[in-house]
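# A look at the structure
Here's the letter readout for the chains.
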Amino acid sequence: MGIFSWLAPSPERRLTRAKRALEAGDWAMARDEAVGLDLDEARQVYAEACDQLVTVNLEAALSWANAGDEERVRVHMELAAEHHAGGREPDFRAARKQIRELRLESEAREAESRKRKEARTLSVDPLHLGGGVQLPSPGTELDGPDAEELRARLALVVENYPVSLRETVADLGELFANAVMDLEDGRPDLALQGLLLLPDDAALVRWERARCAYSLGDPRSAARELRAFAKLASGHHPVGRTHSGILLAQSLAESDDIPGALRVLRELRSKDPKLGGFLFAQLLAATDQLPEADGVLRQLIKQHPLESSFYKLLAFVRVRGGQRTEAMTALEKGLHQNACASGTCSARPMDPEMKRMLATLYLEDGIETKRALALLSEAQPQGTPTWDDVYAQALAARAQGDTRALGELLRTLHDNTPSSDPRAERISTYLPAPA
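Below is a short write-up of the structure. These figures come from a predicted structure and were not determined experimentally.

## Quick look at the overall build of the chain
When helices and strands are tallied, the chain shows 22 helices and two strands. Per-residue burial over the chain gives 44% buried out of 435 residues. As displayed, the chain has an accessible area near 23600 Å², and 51% of this comes from carbon and sulfur atoms.

Structure, rendered in structure tokens:
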């Protein structure tokens, strides 16, 4: 019957599955399995699952209210009401009150932001730091018809710098300002020419050189500049939406210095465990530190249950560790979460790679063939098929008994898989040549 039975199960089996889902925190599945069962225990499971879905949706509504997404707030409040069977009215009142407060705070922030933007355009002190930071003055290349717009853009860039470094912008002058604008306009080559003329002991110069080097595909130079930046800036810092330490780890990893990248991330995460989680998990997986990678990914999934890349890497880690069933379970859970069957997530396109990965595991193990073939039909490659696409189709041809297609696909795989390639062993294991 396989891991997942799609036949009509008995009420007792449905109750067992509902209880397991409840214990695992899969409230939607517990609700779906228990609904309509004429068993007292099933009714209790159903009620608890619905109560948990009320909690989940109220929390989601508050989260989206904090993000300022009114439409998703409305959806989740309606879902919470749909699952509500009574007794949670105080929670609904508290949630509505908090949503109103968050809305007012958001409106106040937007109003303040508009004021600041207007002030930046009109003021000679666009960062409102009492004259400590001055942008290039009229008469430079930032003068002219677009001067005000350029100065406002530069001010926004400077606002992303660590507060302790903003005052240094005034000393770097026009050359630095023009280089930053070149980089923002997608010309790191021009930006780097100007930055190389500026002092090496200026932290922001080293930061912008690092950004240029990384954009130009030179991670080794980016890493060198980022290390210099950290020394000059008394450590790593968040800079806008990125973080200098994470960019250093990424640059080191791309320079094939995986141990160095791991050291950087371990040091960062010792102070802030939320930093660089996915990159940290990737590096752990690359160095076969599989149990730790598994734990990091499970924590990431708890925080971001709709992020398909986390489930895919978790499945990879588990397959590498010989936990194939657990890998299938992770992918099934990822598909279930992204399908929004529970009504607790926002609609998003299903990840075809996740479907193909799950189908491949099923076909390799010779289980859930019907489910696997259905998944593959939904995960057709949009462009040129990859090695994994061809491999999955070969497994499907074998499962369907299509020897002609299997032979053609195997020839394609062998022609594109040298014997030194680790994937060659996979072919010989799961698609052996006929005796």
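## Some points on the pattern of salt bridges
A side chain of one charge can pair with a side chain of the opposite charge when the charged atoms of the two come close. Tallying each qualifying case throughout the model produces 30 salt bridges. For R88, the salt bridge is made with D51, and the minimal N-O distance between the two is 2.8 Å. In this pair, R88 is assigned in the loop between helix 4 (70-83) and helix 5 (89-122) and D51 in helix 3 (residues 40-67), connecting sequence segments 37 residues apart. Residue classification places D51 among the partly exposed residues on the basis of a relative accessible area of 32%. The residue E225 makes a salt bridge to R206 at a minimum N-O spacing of 2.5 Å. Highlighted residues: E225 in helix 11 (residues 219-232) and R206 in helix 10 (residues 203-215), separated in sequence by 19 residues.

## Some points on the nonpolar core
The biggest cluster of nonpolar side chains holds 87 residues, and the ones touching the most others in it are Y161, F176, L413 and L431. Not counting chain neighbours up to four residues away, the residues in contact with L413 comprise W387, V390, Y391, A394, I427 and L431. By size, the runner-up hydrophobic cluster in this structure holds 12 residues, among which are L58, A80, F92 and A95.

## Examining unusual backbone geometry
For residues besides glycine, phi is generally negative; the peptide bonds are generally trans as well. The phi angle at D256 is positive, at roughly 70°, despite the residue not being glycine. Assignment of secondary structure puts D256 in the loop between helix 12 (244-254) and helix 13 (258-271). Among the residues examined, D256 registers a relative accessible area of 66% and is labelled exposed.

## Topic: the packing of aromatic side chains
Tallied over the full model, the rule gives three aromatic pairs. Look at F278 and F310: their rings are 5.3 Å apart centre to centre, the planes differ by 50°, and that puts the pair in the tilted class. Of this pair, F278 sits in helix 14 (residues 277-286) while F310 sits in helix 16 (residues 308-320), and the two are 32 residues apart along the sequence. With relative accessibility at 26%, the residue F278 sits in the partly exposed group. Centroid distance W387 to Y391: 5.1 Å. Interplanar angle 15°. Geometry classified as stacked. With a gap of four residues between them, W387 and Y391 both fall in helix 20 (residues 387-400), about one helical turn apart. Classification of W387 as buried rests on a relative accessible area of 11%. Here Y391 falls in the buried class, since its relative accessible area comes to 1%. Above the plane of the ring of W64 lies R72, whose end atom (NZ or CZ) is 4.3 Å from the centre.

## Structural notes on the packing of helix 20 against helix 21 (residues 403-415)
The geometry of helix 20 relative to helix 21 is characterised by a closest axis approach of 9 Å and an angle of 150° between their N-to-C directions. Compared by their axis directions, helix 20 and helix 21 come out roughly antiparallel. Remark: the crossing between helix 20 and helix 21 carries left-handed chirality. For the pair formed by helix 20 and helix 21, the contact residues are W387, V390, Y391, Q393, A394, A397 and R398 on the first element and A405, L406, L409, T412 and L413 on the second. Split into classes, the residues belonging to the contact of helix 20 with helix 21 amount to nine nonpolar, two polar and one charged.

## Concerning the environment of L363
Position of L363 among the secondary structure elements: in helix 18 (residues 352-365). On the accessibility criterion, L363 (3% relative accessible area) is buried. In this structure, L363 is in contact with T369, A372, L376, A392, L395, A396, R398 and A399, ignoring residues within four places of it in sequence.

## Things to note about helix 10
Between its first and last C-alpha, helix 10 extends 19 Å over 13 residues, near the 18 Å set by a 1.5 Å rise per residue. Among the residues of helix 10, A203, L204, V205, R206, W207, E208, R209, A210, C212 and A213 are the ones counted as buried. Looking one or two places after helix 10, you find G217, whose phi comes out positive at around 80°.

## Some details on the packing of helix 15 (residues 290-303) against helix 16
Two elements in contact, helix 15 and helix 16, have axes whose closest approach is 10 Å; the angle formed by their N-to-C orientations is 155°. Here helix 15 lies roughly antiparallel to helix 16, going by the angle between them. Crossing hand, helix 15 versus helix 16: left-handed. Seen from helix 15, the contacting residues are L290, A293, D294, L297, R298, L300 and I301; seen from helix 16, they are F310, Y311, L313, L314, V317, R318 and R320. Within the contact of helix 15 with helix 16, the residues separate by chemical class into 10 nonpolar, no polar and four charged.

## Re the side chain of D421
Looking at the element boundaries, D421 is found in the loop between helix 21 and helix 22 (422-430). Owing to a relative accessible area of 17%, D421 belongs among the buried residues under this scheme. In terms of polar contacts, D421 uses its side chain to reach the backbone amide nitrogen of R423, at 2.8 Å.

## With respect to a positive patch on the surface
Together, R93, R96, K97 and R100 give the surface a local cluster of positive charge. Note on placement: R93 falls in helix 5.

## Points about the environment of D40
Note on placement: D40 falls in helix 3. D40 gets classed as exposed once you look at its relative accessible area, which sits at 55%. Of the polar contacts made by the side chain of D40, one reaches the side chain of R43; its length is 2.4 Å.

The rules behind the values
Residues numbered from 1 in each chain as written. Predicted model: local features only at pLDDT ≥ 70, side-chain atom pairs only at ≥ 80, totals over all residues. Heavy atoms only, no water. Helix = DSSP H or I, 4+ residues; strand = E, 2+ residues; numbered from the N terminus. Buried < 20%, exposed > 50% of the residue type's maximum accessible area, 1.4 Å probe, protein only. Areas by Shrake-Rupley, 256 points an atom, 1.4 Å probe, with all protein chains shown as cover. Salt bridge = Lys/Arg side-chain N within 4 Å of Asp/Glu carboxyl O. Core = buried A, V, L, I, M, F, W, Y, C linked by side-chain atoms within 4.5 Å. Contact = heavy atoms within 4.5 Å. Phe/Tyr/Trp six-rings, centres within 6.5 Å; stacked < 30°, edge-to-face > 60°. Lys NZ or Arg CZ within 6 Å of the ring centre and 35° of its normal. Axes fitted to C-alpha atoms, helices over the stretch in contact; angles between N-to-C directions. Parallel < 35°, antiparallel > 145°, perpendicular 65-115°, else oblique. Left-handed = near helix turned anticlockwise from the far one by under 90°. Nonpolar A, V, L, I, M, F, W, Y, C, P; charged D, E, K, R; others polar. Expected span 1.5 Å × (residues − 1). Polar contact = N/O pair within 3.5 Å; in protein donor to acceptor, adjacent residues only side chain to side chain. Patch = residues over 30% accessible without salt bridge, like charges linked within 9 Å, V, L, I, M, F, W, Y side chains within 5 Å. Lys, Arg positive; Asp, Glu negative; His and termini not counted. Charge placed at Lys NZ, Arg CZ, Asp CG, Glu CD.

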